[in-house]
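# Overview (structure and organization)
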Amino acid sequence: MAKGIFHKARRIGGFLLLGLITLGLGFYFLLLNSEGLQDRLVARAFEARLSAPPRPLGGDAIDVVFCGTASPMGQGAAQSCVAVFAGDRFFIVDTGARSADMATRLDLPMGRLDGVLLTHFHSDHIAALGEMHLASWVRGRPQKLAVYGGAGVAQVVDGFNLAYGLDYGYRTAHHTEAIMPSRTAGLVAKTIKGDQVIYDVDGLKITAVSVNHPPIEPAYGYRFDYQGRSVFISGDTTKDDNLIAAAKGVDVLIHEVLQEGLVKATSEALTAFGQPKLGQLIFDTLDYHTTPIEAAQAANEAGAQLLVFYHYAPVPQNALVHRIFMRGVDAVRPEGVLAAADGTHISLKGNSEAVEITP
Ligand SMILES: [Zn+2]
Ligand SMILES: [Zn+2]
């Protein structure tokens, strides 16, 4: 009796599955051959994407969104890029390769961009500066794009302006001053001289802090303070006392990490399989970054509430590599560690203790 019911259920299940597959294939065939259906689907997709209300970013909170978490070692994730919103202000720290694409895919309100803060001028921190300029210009950024950085930032800015200068002109000529105004085209260098507060407007204070990334000098980290909440972004550095002192008591310390074992394994494999120069280059990165365990020690010494890893060397491509990154971290800092990925969003509501994380 029970066996009969089982067979009947299986037969019905089989028919249902066949029906669904036939329906799916039928719809696919229709889609390939009906221009009307194709156009309706495209219109629906635009409507779904553009009618959604903008993400609430800033206001009375500090919101941090990762628009790039990779170092030059690894593919997939965008290179170094952290978006920080506080009140009506919006800054991006570093613009590594693929980060402008990531920022627009994450629907960051690029027209609101007040400035870019460069930690230093390694390519994985500046490569997408031109694209970040374009992404914000076409969305109505109301002034030229300010680019903050240590001595040398003027050279970087002049270079991008020179390379993109023809493009600025083409776009204004084609789309008119009303749509692409020449008044807001271009980058403006803001040179930082030593450790200092570089921005203090409407309650948002940004402090530049020199860090240790030899031979690159200067290299900066940035501290953001707003409504009693604080975030520190390390840039590239070894474990550094100046950083720890300046990050004292922060709510969130965002720190770069290099996994020593993985870097050595990569270097040895490249050397063993016929690429000794690249192997040596990878090996050389060991002396100017921070291991995850050292980053955990730095967070403890600074008394940071939450430590967030980014700028991974190499970039974890799967759960196994991620576990290798976390080796030994638990013993130093059992709680309050987050591994950021592109798109991770951390929200710190003003004058509270709340830390909201959306992975
Ligand atoms: Zn870097
Ligand atoms: Zn660097």
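The structure this text deals with has already been given above.
All of the points below concern the structure found in this document. (Residues numbered from 1 in each chain as written. Chains lettered and ligands numbered in written order. Predicted model: local features only at pLDDT ≥ 70, side-chain atom pairs only at ≥ 80, totals over all residues.)

## A word on the pairing of strand β10 (residues 229–233)
Most of β10 sits inside the fold, with five of its five residues counted as buried. Examined bridge by bridge, strand β9 (residues 220–226) and β10 share five bridges and lie antiparallel to one another. Across the sheet, the residue bridging to Phe 224 is Val 231, located in β10. Here β9 hands over to β10 after two residues, with Gln 227 in that stretch at a positive phi of 50°. Note: β10 against strand β11 (residues 252–258), three bridges, orientation parallel. Across the sheet, Phe 232 pairs through a bridge with Leu 253, a residue of β11. Considered for its hand, the β-α-β crossover made up of β10, helix α7 (residues 241–246) and β11 is right-handed. (Buried ≥ 20, exposed ≤ 12 C-beta atoms within 10 Å, placed from the backbone. Helix = DSSP H or I, 4+ residues; strand = E, 2+ residues; numbered from the N terminus. Pairing = 2+ DSSP bridges. Right-handed = clockwise from strand over helix to strand, strands pointing away.)

## Some words on the sheet that holds strand β8 (residues 204–210)
Strands sit in the order β7-β8-β9-β10-β11-β12-β13 across an open sheet of seven strands; the sheet is mixed. A single partner strand is all that each edge strand has here, and the edge strands are β7 (196–201) and β13 (337–339). Taking each pair of neighbouring strands and ignoring which way they run, the sheet shows an average axis angle of 20°. Across seven bridges, β11 lies against strand β12 (residues 306–313) in parallel orientation. Opposite Ile 254, over in β12, you have Val 308 as the bridge partner. (Axes fitted to C-alpha atoms, helices over the stretch in contact; angles between N-to-C directions.)

## A word on the environment of Cys 67
Mapped onto the fold, Cys 67 is located in strand β1 (residues 59–68). C-alpha separation for the pair Cys 67 and Ser 80, spaced 13 residues apart in sequence, amounts to 7.5 Å. Contact partners of Cys 67, with chain neighbours within four places excluded, come to Ala 78, Cys 81, Val 82, Ala 83, Ile 92, Ser 99, Met 102, Ala 103, Leu 106, Leu 108 and Asp 342. (Contact = placed C-beta atoms within 7 Å.)

## Quick notes on the nonpolar core
Grouped burial of nonpolar side chains is what soluble globular proteins tend to show. With 90 residues, the main nonpolar core has Cys 67, Val 82, Ala 83, Val 84, Val 231, Val 252 and Leu 253 as its most contacted residues. Every residue in contact with Val 82, bar those within four places of it in the chain, is listed here: Val 64, Phe 66, Cys 67, Val 93, Asp 94, Ile 233 and Ile 254. (Core = buried A, V, L, I, M, F, W, Y, C linked by C-beta atoms within 7 Å.)

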